Amino acid sequence: MAAATAEQPAPLPLAEAAAEVIEVEDLEPGSPDAGSGSSGSGSGRSTSEYSGWVYHLGVNSIGHEYCHLRFLVIRGKCVAMYKRDPHENPGLEPIRKGFVSHTLMVEELGRQKVNHGDFYVLRLCNRLDKTKKGEIACATPGEARKWAEAFEQAKQQADHDLTRGVNWKRLQNENEFNLDGHRPRVRRYAKGLGKLVRIGKGPEMLLRQSSDLQSHESVNTNFGGDAGDAPEAHEWRFVRILNGIRIFEDIANSKGGKGILLKSVGVVGANPDTVFEMVLSLDKHKRYEWDMLIADLELVETIDGYCDVVYGTYEPKYLNWWKSKKDFVFSRQWFRGQDGAYNILQSPASHKKKPSRHGYGRAHINPTTWEIRRLNTSGSTPKCIVTRMVEISPSFWDRWKRRTSTNFDRSIAYALLSQVAGLREYFAANPAITSDSPSTEVKSKASEPLIIQSELEDSEPNDEFYDALVRGESFEDEDSDDDDDDVMTSKAGKVKLKNVSWAIAGLAMKRSKASLERSELVTNSIPVAIDSSHFHGNVRRAKSEDDPNSWSAPGGEKFMIRGKTYLSDYTKIAGGDPLLKLIAVDWFKVNERFDSVALHPKSLVQSEAAKKIPFILVINLQVPAKPNYNLVMYYAAEKPVNKESLLGRFIDGTDAFRDARFKLIPSIVEGYWMVKRAVGTRACLLGKAVTCNYLRQDNFLEIDVDIGSSSVARSIIGLVLGYVTSIVVDLGILIEAKEEKELPEYILGTVRLNRVNPDAAVQI
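Predicted, not measured: the structure shown is a model, and the values here were computed from it.

1. Focus on the sheet that holds strand β35 (residues 762-763)
Then, in step 1: Read from one edge to the other, the open sheet built from six strands follows the order β31-β32-β27-β28-β26-β35, with strand pairing classed as mixed. Each of the sheet's edge strands pairs with one partner strand only, and the pair in question is β31 (691-697) and β35.
Then, in step 2: Pairing of β31 with strand β32 (residues 700-706) involves seven bridges; the strand directions are antiparallel. Across the sheet, residue Leu-695 finds its bridge partner in β32, namely Glu-702.

Okay, here's the thing in structure tokens:
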């Protein structure tokens, strides 16, 4: 499902087609949303329409699984499903229709087998009634993300209508869209068409040999990281060119490493979705054209939609260093970040289904990663930056650098690093499969911007290169394909600067602590003295940098946040001092998920000292494991919060507003490099990545972050917990600024967790 060819607006036919797209109940006369004419223009506000081909997955009344090709349309908060494209078949009746509820949950189940092909599955369910659920399958992860965003936007529109009290009686009687029930009776009504977004090229991208459905149990939303908003622990130095691809060495000598880290970086002429699919593909006929090492692969086990185990063999004639046939087993984990970039982690593994094979020697392939990120260019041909990281033996690398070894071009490391060059040449030789597939939009002249912008429209450009310069990193950054470091590019009339001096000058644009307090807190109130000795969590404050199982509160200067001019030039600046003071950290272990920590009788928030504090923000990170863990951080304000400020609107706002603004920036300061790549340093909107529940009472707001609601997050946490006693991690918490009056952003709070020990968690 890539994007369709843009449709040209026509005065009457398009309006007629739009009138057939969504059937809803007639609005009551005089209601705020009531239309004023037969054209269905509604209240004058334009409505976005998302449409495209998907597979509808489910189980029928006699227990048989089905997989049907369907055309899905989302318009406003209304959803309809058709057997054919209603734009090409005016008057076509939908087979399912309904409204998106504010309780909708969209879970990305990842990569699964559908009709003997690999597709990306979305599960839709009601947060209050888990029996109301259904699944759709998409051709690429990018399209799955677009559909998730479309449903999320419809959910936010439903929440907006609910808070406005729009025609409450009608809202109560609306039929919720149901993928798993009987098809309801349909009535027809249409509003004005403001924007048409087609998702997918058409059914030919989805058709496969049969309608067999393989079911997998997993839950997910995207929760991935990549470098950008916090300092990198690596220091890359350009050392070689192999097959036209740059090779870098990590010379930082960071703790936790087991070998020398190398990476190859190249520009591939295809969009990230296409490259990602090619890297994961097990089709040997395709891999033979670009992969000289692991082309003969077979799937051993699918763990979930984001992890599997594969087995491969290799003939020694292509690498003369080997004298016998080789085989290998490795696991693959993949994540898609909120900016559309992909991370693939590959680690050596063993599996009972693939023991040692007669005539083959078991090869050990060191941990490696892929990073695939879109490259913004002015041309029509899509491009992306592909980075391949490999860990190798220090002694072998030293010999090769000293030229005492001539066998590097016959080594596993060489073959792995050369995969980037193979991909580049493969796509260059096959231009038919490199075409980009963005969603196409048709806008009417009278269209107005939506109340709630989709993440697809609001996503920021790739500015990791810019952030790296602010941090003083090497100029040979993997995200730049230009030899000139002072680059100015223009996109949609906006200018993005990549100049070092301009970036450093942006540091002066951040808010001072005094000005921040004046804007966010009540200035004429007497501050409350917060004595940290009166507040104690079960994790102690660090006495030194090497103090294990402890916490500290670093400054915000390590985190890159949106500057005053971000909306015009995308400039990011270093964060300043946090607005709120970290007063304690708790580390609990529980059998089941622990919500509403602040209401527990023994909670810090219920103490007499805490009740005197004007405002406390409680962040409850719920870590899925056996047992489950809760990492709870308490942040305090010395003055009451200004109700009109961004923080005030966040505290007392709707859950939809909070989900769209609550942001976290992670940074692994010390730890194994594979963990750093998995966690990343890119800001994440937690409300869009995992389920967040909010509790607002008295003088506090508690945010319960259910990491277990995302299979990707669970996978990352599982990797982190394996190394947690050797990890030092910084977290920055902030509220995303989207309007000029809210800029520059500020750091709400920070925490550094130093080698937290799971065994030290307190049982609740």
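Resuming the write-up.
2. Some remarks on the packing of helix α4 (residues 272-280) against helix α8 (residues 419-429)
Then, in step 1: Direction vectors running N to C along α4 and α8 enclose 120°, while the axes themselves pass 12 Å from each other. Viewed along their axes, α4 and α8 adopt a mutual orientation that is oblique. When the axes of α4 and α8 are compared, the crossing they make is right-handed. Seen from α4, the contacting residues are Thr-274, Val-275, Met-278 and Val-279; seen from α8, they are Leu-423, Tyr-426 and Phe-427.
Then, in step 2: Its residues assigned to classes, the contact of α4 with α8 shows six nonpolar, one polar and no charged.

3. Considerations on the environment of Tyr-55
Then, in step 1: Along the chain, the position of Tyr-55 falls in strand β1 (residues 47-59).
Then, in step 2: Judged by its relative accessible area of 3%, Tyr-55 is buried.
Then, in step 3: Expressed as a C-alpha distance, the spacing of Tyr-55 and Val-114, which sit 59 residues apart in the sequence, is 8.8 Å.

4. Observations concerning the pattern of salt bridges
Then, in step 1: Inspection of every chain in the model, using the stated rule, returns 28 salt bridges.
Then, in step 2: Taking the shortest distance from any N to any O, the salt bridge between Arg-593 and Asp-706 comes out at 3.0 Å. Of this pair, Arg-593 sits in the loop between β26 (581-590) and α14 (608-611) while Asp-706 is found in strand β32, placing the two residues 113 residues apart along the sequence.
Then, in step 3: On the basis of relative accessibility, which here comes to 12%, the residue Asp-706 falls in the buried class.
Then, in step 4: Of the charged contacts in the structure, one is a salt bridge between Glu-736 and Lys-738, with a shortest N-O distance of 3.9 Å.
Then, in step 5: Its relative accessible area of 4% is what places Glu-736 among the buried residues.
Then, in step 6: The network of salt bridges with common partners includes Arg-562, Lys-663, Glu-736, Lys-738 and Glu-745.

5. As for the packing of aromatic side chains
Then, in step 1: On inspection of all chains with the given rule, the structure shows 14 aromatic pairs.
Then, in step 2: Relative to Phe-71, the ring of Trp-53 has its centre 5.2 Å away and its plane inclined at 80°; by these criteria the two rings are edge-to-face. Placement of Trp-53 in strand β1 and of Phe-71 in strand β2 (residues 65-75) is noted, with a sequence separation of 18 residues between them. In this pair, the class of Trp-53 matches that of Phe-71, namely buried.
Then, in step 3: By the ring-pair criterion, three or more aromatic residues cluster together here, those being Tyr-120, Phe-276 and Tyr-342.

6. Some points on the nonpolar core
Then, in step 1: One finds Trp-147, Phe-151, Val-275, Leu-423, Phe-662 and Ile-703 to be the most contacted residues of the largest nonpolar core, which totals 116 residues.
Then, in step 2: Not counting residues up to four positions away in its chain, the partners in contact with Ile-703 are Leu-617, Val-618, Ile-619, Asn-620, Phe-650, Phe-662, Cys-692, Asn-693 and Tyr-694.
Then, in step 3: Formed by 23 residues, the second largest nonpolar core is a distinct cluster that contains Val-310, Phe-330, Phe-396 and Leu-417.

7. Remarks on the pairing of strand β27 (residues 615-623)
Then, in step 1: Judged by how many residues are buried, β27 sits mostly within the fold: nine of nine residues are covered.
Then, in step 2: Taking the residues that link successive antiparallel strands as the turn, the β27-strand β28 (residues 628-637) hairpin has four residues.
Then, in step 3: Sheet analysis places β27 next to β32, joined by seven bridges and oriented parallel. Its bridge partner being in β32, Leu-617 is matched across the sheet by Leu-701.

8. Examining the environment of Pro-431
Then, in step 1: Its place among the elements puts Pro-431 in the loop between α8 and β19 (440-443).
Then, in step 2: Residue classification places Pro-431 among the exposed residues on the basis of a relative accessible area of 57%.
Then, in step 3: Along the primary structure Pro-431 and Ala-270 are separated by 161 residues, whereas in three dimensions their C-alpha atoms are 8.6 Å apart.

9. Some thoughts on the sheet that holds strand β23 (residues 550-552)
Then, in step 1: Taken in spatial order, the six strands line up as β22-β23-β34-β33-β29-β30 in an open sheet, and their pairing is mixed. Among the strands making up the open sheet, the edge pair consists of β22 (540-541) and β30 (684-685).
Then, in step 2: Here β22 pairs with β23 via two bridges, running parallel. Across the sheet, the residue bridging to Arg-540 is Ser-550, located in β23.

10. Focus on the pairing of strand β13 (residues 307-314)
Along any regular strand, the residues point their side chains to alternate faces of the sheet.
Then, in step 1: Judged by how many residues are buried, β13 sits mostly within the fold: eight of eight residues are covered.
Then, in step 2: Side-chain alternation along β13 places Cys-307, Val-309, Tyr-311 and Thr-313 on one buried face and Asp-308, Val-310, Gly-312 and Tyr-314 on a second face that is also buried.
Then, in step 3: Between the end of strand β12 (residues 296-304) and the start of β13, which pair antiparallel, lie two residues.
Then, in step 4: When β13 meets strand β14 (residues 325-336), the two strands line up antiparallel, connected through eight bridges. Counterpart to Tyr-311 in the pairing with β14 is Val-329.

Scoring rules and cut-offs
Counting starts from 1 at the beginning of each chain's written sequence and moves along it residue by residue. Thresholds applied to this predicted model are a pLDDT of at least 70 for local features of residues and 80 or more for the giving and counting of side-chain atom pairs; totals over whole chains, interfaces and linings are not thresholded and use all residues. Side-chain calculation: all heavy atoms of the structure are included, whereas hydrogens and water are not. The criterion for strand pairing is that DSSP finds at least two bridges linking the strands in question. Per the convention used, a helix needs a DSSP run of H or I reaching at least four residues, while a strand needs a run of E reaching at least two, with both numbered from the N terminus. Orientation is described by lines fitted to C-alpha atoms, with helices fitted over the stretch in contact, and by angles between N-to-C directions that extend from 0 to 180 degrees. Angles below 35 degrees are treated as roughly parallel, those above 145 as roughly antiparallel, those between 65 and 115 as roughly perpendicular, and all remaining angles as oblique. Handedness of each helix crossing follows the sense of rotation of the near helix against the far helix: counterclockwise by less than a right angle gives left-handed, clockwise gives right-handed. In this description, contact between two residues means that some pair of their heavy atoms is separated by no more than 4.5 Å. We call Asp, Glu, Lys and Arg charged. Ala, Val, Leu, Ile, Met, Phe, Trp, Tyr, Cys and Pro are nonpolar, and the rest, Gly among them, are polar. The cut-offs for exposure are 20% and 50% of the maximum accessible area for each residue type, with area from a 1.4 Å probe on protein chains only; residues under the lower value are buried, those over the upper are exposed, and the others partly exposed. By salt bridge we mean one thing: a side-chain nitrogen of Lys or Arg within 4 Å of a carboxyl oxygen of Asp or Glu. Ring pairs are drawn from Phe, Tyr and Trp, using the six-membered ring of Trp, whenever the two centres fall within 6.5 Å, and their geometry is named by plane angle: stacked under 30 degrees, edge-to-face over 60, tilted for the rest. Throughout, nonpolar core names a set of buried Ala, Val, Leu, Ile, Met, Phe, Trp, Tyr and Cys residues whose side chains join them through atoms within 4.5 Å.

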